[in-house]
Amino acid sequence: MTPAPTARDPERATLDKAAGENFPVAPFFLPRAWRTDLMAVYGFARLVDDIGDGDLAPGGADARLLGVPADRAEDRLALLDALEADLRRVFDGTPRHPLLRRLQPTVRRRSLTPGPFLGLIAANRQDQLVTRYETYDDLLAYCELSANPVGRLVLAVTGTSTPERIRRSDAICTALQIVEHLQDVKEDLGRDRIYLPAADMKRFHVQEADLAAPAANASVRALIAHEAERAHALLDEGAPLVGSVHGRLKLLLAGFVAGGRAALRAIAAADYDVLPGPPRPGKVQLLREAGLTLRGEG
């Protein structure tokens, strides 16, 4: 979860949400140029998600900036269409929204392509139209749009993209998305979204009504444990990415992997009962996991 939106300057309101994210967006130890560009990428990604989740700052300022008529300011698909049009201006014109104007120098400096940004928009369009996923493969296809572009952009900004690193990054990002879904089962259900595959729910004899209970029954806990194991395997698949880079980037990527592993340990420590609230790790656990990841253990 991120801090509640406010009615003040929409650019600042969006960027300030970085402090509430599960993972560091642009930590202090990175070079200033990287921090600047990662924050620009974050601003876009956060804006897309806020549109998709209906979490924009009140008052309709973002809609006005994107040129969406007042009578459609709450229409998420219209806002996403307008955002895509403004994204295209990043590459061949002058964007309207200040967050996209902030992104434009980063795109030019790092030779970024539209693909990852369009993927994030497509994922949020899908969220407006698809609220249930039949199979695990269906969920992985969603993560390909909603999560994997972020890791690819981090590699591009830091100039470290290779096919193998992208493959490892995709595994980590998909794992982190699944972990977030496990932590936020109750919150997602409140938005009428379920990211637990229907085939798995059937296999473990879990009904949708079970997810609305104050606490998880044995079937729900078994389902969550199953999905957590899948996420753990993906993190293990992606973890060699950390050892393939050096210096400060290695610390950043280790933090991502460690954050996922620590969250999974917190879920396990809660006996896989995620319904009372998102199980989250403490700082000691995060530091321990970071140390293990940097040493190639875990």
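Details of the structure are given in the entry above.
The notes below deal with the structure included here. (Residues numbered from 1 in each chain as written. Predicted model: local features only at pLDDT ≥ 70, side-chain atom pairs only at ≥ 80, totals over all residues. Heavy atoms only, no water.)

1. Quick notes on unusual backbone geometry
Generally, phi is negative for residues other than glycine and the peptide bonds are trans, each holding for most cases. In the Ramachandran plot, Asp 192 falls in the positive-phi region, its phi being about 60° despite a non-glycine side chain. Along the chain, the position of Asp 192 falls in the loop between α10 (185-190) and α11 (198-203). Not every positive phi belongs to a glycine, and Asp 271 is a case in point at roughly 55°. Its location among the elements puts Asp 271 in the loop between α15 (247-269) and α16 (283-294). (Helix = DSSP H or I, 4+ residues; strand = E, 2+ residues; numbered from the N terminus.)

2. Focus on the environment of Val 48
Take Val 48: it is sitting in helix α2 (residues 32-53). Sequence separation of Val 48 and Ser 244 is 196 residues, and the distance between their C-alpha atoms is 31 Å. Excluding residues within four positions of it along the chain, Val 48 makes contact with Leu 80, Leu 83, Leu 120, Ile 121 and Asn 124. (Contact = heavy atoms within 4.5 Å.)

3. Focus on the nonpolar core
In this structure, Phe 44, Leu 83, Leu 196 and Leu 211 are the most contacted members of the largest nonpolar core, which totals 77 residues. Residues within four places of Leu 196 in sequence aside, it is in contact with Tyr 133, Leu 182, Val 185, Met 201, Leu 211, Leu 223, Ile 224 and Glu 227. (Core = buried A, V, L, I, M, F, W, Y, C linked by side-chain atoms within 4.5 Å. Buried < 20%, exposed > 50% of the residue type's maximum accessible area, 1.4 Å probe, protein only.)

4. Looking at α16
The end-to-end C-alpha separation of α16 is 16 Å, in line with the 16 Å expected for 12 residues at 1.5 Å each. Here α16 has its buried residues at Glu 289, Ala 290, Gly 291, Leu 292 and Thr 293. Contacts made by the buried residues of α16 are with α14 (240-243) and α15. Just downstream of α16, Gly 296 is the residue with a positive phi angle, here 80°. (Expected span 1.5 Å × (residues − 1).)

5. Concerning the packing of helix α6 (residues 114-129) against helix α7 (residues 136-146)
Packing of α6 against α7 leaves a shortest axis separation of 7 Å and a crossing angle of 135°. The pairing of α6 with α7 is recorded here as oblique in orientation. For the pair α6 and α7, the contacting residues are Gly 119, Leu 120, Ala 122, Ala 123, Gln 126 and Asp 127 in the first and Tyr 142, Leu 145 and Ser 146 in the second. A per-class count over the contact of α6 with α7 returns 5 nonpolar, 3 polar and 1 charged. (Axes fitted to C-alpha atoms, helices over the stretch in contact; angles between N-to-C directions. Parallel < 35°, antiparallel > 145°, perpendicular 65-115°, else oblique. Nonpolar A, V, L, I, M, F, W, Y, C, P; charged D, E, K, R; others polar.)

6. A look at the packing of aromatic side chains
Considering all chains together, one arrives at 5 aromatic pairs under this definition. When the centroid spacing of 5.2 Å and the interplanar angle of 90° are considered together, the rings of Phe 44 and Phe 117 count as edge-to-face. Remark: Phe 117 occurs in helix α6 and Phe 44 occurs in helix α2; sequence separation between them is 73 residues. Here Phe 44 falls in the buried class, since its relative accessible area comes to 0%. By relative accessible area, which is 0% here, Phe 117 ends up buried. Every member of this aromatic cluster is reached through a ring pair, and the members are Phe 44, Phe 91 and Phe 117. (Phe/Tyr/Trp six-rings, centres within 6.5 Å; stacked < 30°, edge-to-face > 60°.)

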